[in-house]
Amino acid sequence: MIKKYLFLFFLILMFVGRLFLAINAKHGDMYNNLDWGYGAQRLGLFHFYEWPKEVWPHSRPNQPPGSIYLHLASVSFYKSIDSMIKWSNDKLPVFPSKLVWWWSDHGELIAIKLPSILADFVIAWVVYRLSNKWLTGLYLLNPPLWYDSSFWGQTDSVVAALSMLSLYYLNKKQLARSAIVMGLSLITKASWAPMVLLYGVYFLLKHFNKSWNLFFMPLIAILISLPFGVNLIDLYLNRILPGETAFASVGAFNFQHLLWGQFSNPPQAGMLAMILLGILVFMAIRGLIKRPDFWTFWKWSILLLWGTFLFNVRMHERYLYPVFPMLTVFLFVKRSKVLNTVYAILSGAFLFNLYYKWWAPGNLWLQSFYTDFNINMVSMVGLLLFTILIVSVYEKN
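Summarised in this report is the structure supplied together with it. (Residues numbered from 1 in each chain as written. Predicted model: local features only at pLDDT ≥ 70, side-chain atom pairs only at ≥ 80, totals over all residues. Heavy atoms only, no water.)

### Remarks on the overall build of the protein chain
Scanning the protein chain from N- to C-terminus turns up 18 helices and 2 strands. Its C-alpha radius of gyration of 22 Å places the protein chain within 12% of the 21 Å reference for a compact globule of 397 residues. Going through the 397 residues of the protein chain one by one, you find that 52% of them count as buried. Accessible surface computed for the protein chain: about 18,800 Å², of which carbon and sulfur atoms make up 68%. (Helix = DSSP H or I, 4+ residues; strand = E, 2+ residues; numbered from the N terminus. Rg over C-alpha atoms; globule rule 2.2 N^0.38 Å. Buried < 20%, exposed > 50% of the residue type's maximum accessible area, 1.4 Å probe, protein only. Areas by Shrake-Rupley, 256 points an atom, 1.4 Å probe, with all protein chains shown as cover.)

Structure representation (structure tokens):
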């Protein structure tokens, strides 16, 4: 009983700590997220993506419809709490008036980051269900993960939570639920798209007679997008996938960075990425066909997500995030000192990469470590760790 209360206290501490971090940094992306949330509330969803750039204070929406719903929910939550606080301050003499000013200063940041903070705990629940409490605690404590969700305020954890729930349902053979939640993940952001092909192959190998459930993925994406009156294919090809940058590496310390450096656009980079990722996809499908079980699918999914970060073009530093929820669970499945070491070093490398170019919290001493030599070393370490894992997995298959 004492252990349960201690674990509950730990979870509360993790939540409060994340809220504290949330109010101490405001990345430029938060301005976009708030703009799009308020814009959806003010302009409505229909033809949301067709409004000219003059309508938007910072940049036009370049995220899928699921993300827009998320930002709309956040600003609605902020306004609801704001109205409740102001009403209570007017009507209740004992109400602490300082809370009005505190919420005015910090409420928007808390509201826009809250889905990402809560998603951390959804992922932790899935990790707990598939492993144990220790790894749940490790996930919640891992610095780059709460740096991304709470301090930076990115939605990577929301997308990861949906994908992890989908995989949990897949393991429990709740196939329709798994496909629906995976569809929700993809229509929120395409961060986990690299593993969808392997997801489909595993689905067909293990549940061929029920493979019709896969149609729930595109169906839920279409239904979610209907209020926007948008052609999803056109939206992805012309707005979302191109993004705002066309560089081989956009802040990611990876293989493309080692070849070309940051923020360059060599014409051969895309072809190289296609070749390397094509080889990796072939290896993954071959390994899964030879041994079509859930944990083989799991470990090859880790490698596909990690390989996409390392070899694909237009990679931001945050795109390594999907590796960590799955790798945390895999620590329980494989129970290897080598894997534990890979996890620990990769976590440090990820945190080092996340700090690059944002410099928050600002510290000139920390920034001094970002020399060309050190950045290249971190990129090489990532490739080495990936090689160690892929050799181990491929030998087992």
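The rest of the description comes next.
### So, the packing of helix 7 (residues 156–171) against helix 15 (residues 323–334)
A pair of packed helices is captured by two measures, namely the crossing angle of their axes and the spacing between those axes. The interhelical angle for the contact between helix 7 and helix 15, taken along N-to-C directions, is 40 degrees, at an axis separation of 9 Å. In this view, helix 7 runs oblique relative to helix 15, as classed from their interaxial angle. The residues of helix 15 that touch helix 7, namely those facing Ala 160, Met 164 and Leu 167, are Pro 325, Met 326 and Val 329. The residue makeup of the contact of helix 7 with helix 15, split by class, is 6 nonpolar, no polar and no charged. (Axes fitted to C-alpha atoms, helices over the stretch in contact; angles between N-to-C directions. Parallel < 35°, antiparallel > 145°, perpendicular 65-115°, else oblique. Contact = heavy atoms within 4.5 Å. Nonpolar A, V, L, I, M, F, W, Y, C, P; charged D, E, K, R; others polar.)

### A short note on the nonpolar core
Core analysis: the largest hydrophobic core is formed by 87 residues, its most contacted members being Leu 167, Leu 170, Trp 192, Tyr 199, Phe 297, Trp 298 and Trp 306. Looking at which element gives the most residues to this core, the answer is helix 14 (residues 294–311), with 12 residues. Leaving out residues up to four positions away in the same chain, Leu 170 has contacts with Leu 175, Ser 178, Tyr 199, Tyr 202, Phe 203, Phe 294 and Phe 297. (Core = buried A, V, L, I, M, F, W, Y, C linked by side-chain atoms within 4.5 Å.)

### Overview of the packing of helix 9 (residues 196–206) against helix 14
In the contact formed by helix 9 and helix 14, the axes pass within 10 Å of each other and the chain directions differ by 165 degrees. Put simply, helix 9 runs roughly antiparallel to helix 14. Note on packing geometry: the crossing formed by helix 9 with helix 14 is right-handed. Together, Leu 198, Tyr 199 and Tyr 202 of helix 9 and Phe 294, Phe 297, Trp 300, Ser 301 and Leu 304 of helix 14 make up the contact between the two elements. Along the lines of polarity and charge, the residues of the contact of helix 9 with helix 14 split into 7 nonpolar, 1 polar and no charged. (Left-handed = near helix turned anticlockwise from the far one by under 90°.)

Keep in mind these numbers describe shape, not what the thing actually does.
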